[in-house]
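Inside the fold
Below are the chains, spelled out letter by letter.
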Amino acid sequence: MTATDASGGGPRSPLLATHEAAGAQLIDFAGWQMPVRYGSDLAEHQAVRERAGLFDLSHMAELRVSGPDAAAFLDHALAGRISAVEPWQAKYSLLLAEHGGIVDDLIVYRTGEAEFLVVANASNRHAALEALTARIAGFDATVVDETEQTGLVAVQGPAALAIVGAIGLESEPLEPLRYYRALPGVFEGEDVLIARTGYTGEDGFELYIAAHAAEDLWRAIVLAGEAHGLALCGLAARDTLRLEAGMPLYGNELSLDVLPAQVGLGRVVALKTKGDFVGRAAVEEGPAEGAPVLIGLTADGRRAPRSGYPVLDGDRVVGAVTSGALSPTLGHPIAMAMVEPGSADSTTLSVDVRGTQLPAAVTPLPFYKREA
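Residues numbered from 1 in each chain as written. Predicted model: local features only at pLDDT ≥ 70, side-chain atom pairs only at ≥ 80, totals over all residues. Heavy atoms only, no water.

Counting across every chain of the model gives 16 salt bridges. Close ionic contact of Glu113 with Arg110 constitutes a salt bridge, the shortest N to O distance being 3.6 Å. For Glu113, a relative accessible area of 62% corresponds to the exposed category. Ionic pairing is found between Arg219 and Asp216, a salt bridge with its closest N-O pair at 2.4 Å. Within this pair, Arg219 and its partner Asp216 are both found in helix H6 (residues 214-225), separated by three residues, close to a single helical turn. (Salt bridge = Lys/Arg side-chain N within 4 Å of Asp/Glu carboxyl O. Buried < 20%, exposed > 50% of the residue type's maximum accessible area, 1.4 Å probe, protein only. Helix = DSSP H or I, 4+ residues; strand = E, 2+ residues; numbered from the N terminus.)

Quick look at the structure:
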């Protein structure tokens, strides 16, 4: 089981000692001590794009929803039509506030006819739990927080299938498993949820297991990965990987002040296929006139736009960068930004990079897409 730090520092990953032994640089992330890197951010990033990387995601929140009305409850509580999700299928969805702002973005796995696993961001664990608990009145269902009883690791990259297939999992064959599907499995006597999901833009698997068994699973993956150039990867590489893949991050692109349509997530909201749900009226009304929208930006050179840098259309500030980096894969600066709708149709804007206006081309997302 995940332990609470004796110094009162919050929950601990079941893999914390393993990270310390591997020389990881640790940071506080939503109250958890998590690896930001083991060595080189660039090397970790490239390993995922070219071979495979192993991530500890045990800080993510796992909320178990079960009961006869579980599907109907989640249809009411979330923006997606969760009742249409098939057993062992995953679905990306949004938890909205009444005013349409985003409380969190989530992955929902249907693990039984009346059982679902809702995976929320670490920083929104309590907000998501509180929102779901507040919305469950009148439904024959329960919500249980299993975060501190669960270990979660991800293997991402072209060699992920070969590595995960070599660790001794007892399950149906992994190769036919489609993206956003899952399988039940067993590892050394422990139940494992094997999901073909990820946050890197590469093929890969996310493995959910009891926290007390996470170290054994991690070691088995490391051993199987030796033949494939597997790298241990931290949060820094995860961030540049998801940025290249055009995936939004809560607290950067997503927040309570942003409606789904502003960030290209209108498709996630099931306005046509289900009835009322929390936030529906606000989503139907849409963002206020002039509300900023999300765009991609690319630039030349080596100076990367960073979160908060102003975006200009001519001499006028029209928005701000939400995420930016020098892309390790593409070799030039990339960024996502929230800008005025009129400027989203421009071909070229500029970013104020510490007093210098850096020309930036408006670019469709994602910046990077793996070959099929």
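There's more to say after this.
For the rest of this paragraph, the subject is helix H4 (residues 125-135). Buried within H4 are the following residues: Arg125, Ala128, Leu129, Ala131, Leu132 and Arg135. An end-on view of H4 places all buried positions within 165° of arc, on one side of the element. For H4, exposure combined with an orientation more than 90 degrees from the buried face picks out His126, Glu130 and Ala134. Those residues of H4 that are buried lie in contact with strand S2 (32-37), strand S4 (61-66), helix H3 (70-77), strand S5 (90-96), strand S7 (115-120) and strand S8 (142-145). (Arc of directions from axis to C-beta. Contact = heavy atoms within 4.5 Å.)

Further remarks concern the UniProt feature "domain: Aminomethyltransferase C-terminal" (unreviewed entry) in the chain. Look at the UniProt record and you will see "domain: Aminomethyltransferase C-terminal" (unreviewed entry) annotated at residues 294-369. Structurally, residues 294-369 is divided into 5% helix and 54% strand, and its ends, taken at the C-alpha atoms, are 19 Å apart. (UniProt positions renumbered as here; feature names shortened; annotations may be inferred.)

Okay, the sheet that holds S4 next. The five strands are arranged S5-S6-S7-S4-S8 in an open sheet whose pairing can be described as antiparallel. Of all the strands in the sheet, the pair left with one neighbour each is S5 and S8. Within this sheet the neighbouring strands show an average axis-to-axis angle of 30°, counted without direction. (Pairing = 2+ DSSP bridges. Axes fitted to C-alpha atoms, helices over the stretch in contact; angles between N-to-C directions.)

Now for the confidence of the model for the chain. For the chain, mean pLDDT is 96; residues scoring 70 or higher make up 98% of the total. When the criterion is pLDDT under 50, residues 1-8 qualifies, and its contacts beyond four places in sequence or with other chains add up to 22 contacts. (pLDDT = per-residue confidence, 0-100.)

We now examine the packing of aromatic side chains. Going through the model one piece at a time under the given rule, you end up with three aromatic pairs. Ring geometry for Tyr109 against Tyr208: centres 5.6 Å apart, planes inclined by 75°, an arrangement best described as edge-to-face. With Tyr109 in strand S6 (residues 102-112) and Tyr208 in strand S12 (residues 204-210), this residue pair connects regions lying 99 residues apart in the sequence. Plain terms: the ring middles of Tyr179 and Tyr180 are 4.9 Å apart, the flat faces sit at 70° to each other, and that makes the pair edge-to-face. Under the relative-accessibility criterion, Tyr180 is labelled buried at 19%. Arg49 extends its terminal NZ or CZ atom over the ring of Tyr368, reaching a point 4.0 Å from the ring centre. (Phe/Tyr/Trp six-rings, centres within 6.5 Å; stacked < 30°, edge-to-face > 60°. Lys NZ or Arg CZ within 6 Å of the ring centre and 35° of its normal.)

Assignment of secondary structure puts Trp32 in strand S2. Along the backbone, Trp32 and Pro11 are 21 residues apart, and their C-alpha atoms lie at a distance of 5.9 Å.

A few words now on the nonpolar core. Here is a general trend for soluble globular proteins: nonpolar side chains tend to be buried in one another's company. Residues Ile167, Leu207 and Ile221 are the most contacted members of the largest nonpolar core, which totals 30 residues. Of all the secondary structure elements, the ones that give two or more residues to this core are strand S9 (150-156), helix H5 (160-164), strand S10 (182-187), strand S11 (190-195), S12 and H6. Looking at this core element by element, the count peaks at six residues for H6. Every residue in contact with Ile167, bar those within four places of it in the chain, is listed here: Phe187, Leu207, Leu217, Ala220, Ile221 and Ala224. Counting 26 residues, the second-largest nonpolar core is a separate cluster that includes Ala71, Phe73, Val85 and Val108. (Core = buried A, V, L, I, M, F, W, Y, C linked by side-chain atoms within 4.5 Å.)

With that out of the way, let us pick up the sheet that holds S11. Strand order in this open sheet of six strands is S10-S11-S12-S9-S3-S13, and the pairing throughout is mixed. Two strands close off the open sheet at either side, each with one partner strand: S10 and strand S13 (231-232). Where strand S3 (residues 53-56) and S13 come together, two bridges link them in parallel fashion. When the sheet's bridge partners are listed, Gly53 is paired in S13 with Ala231.

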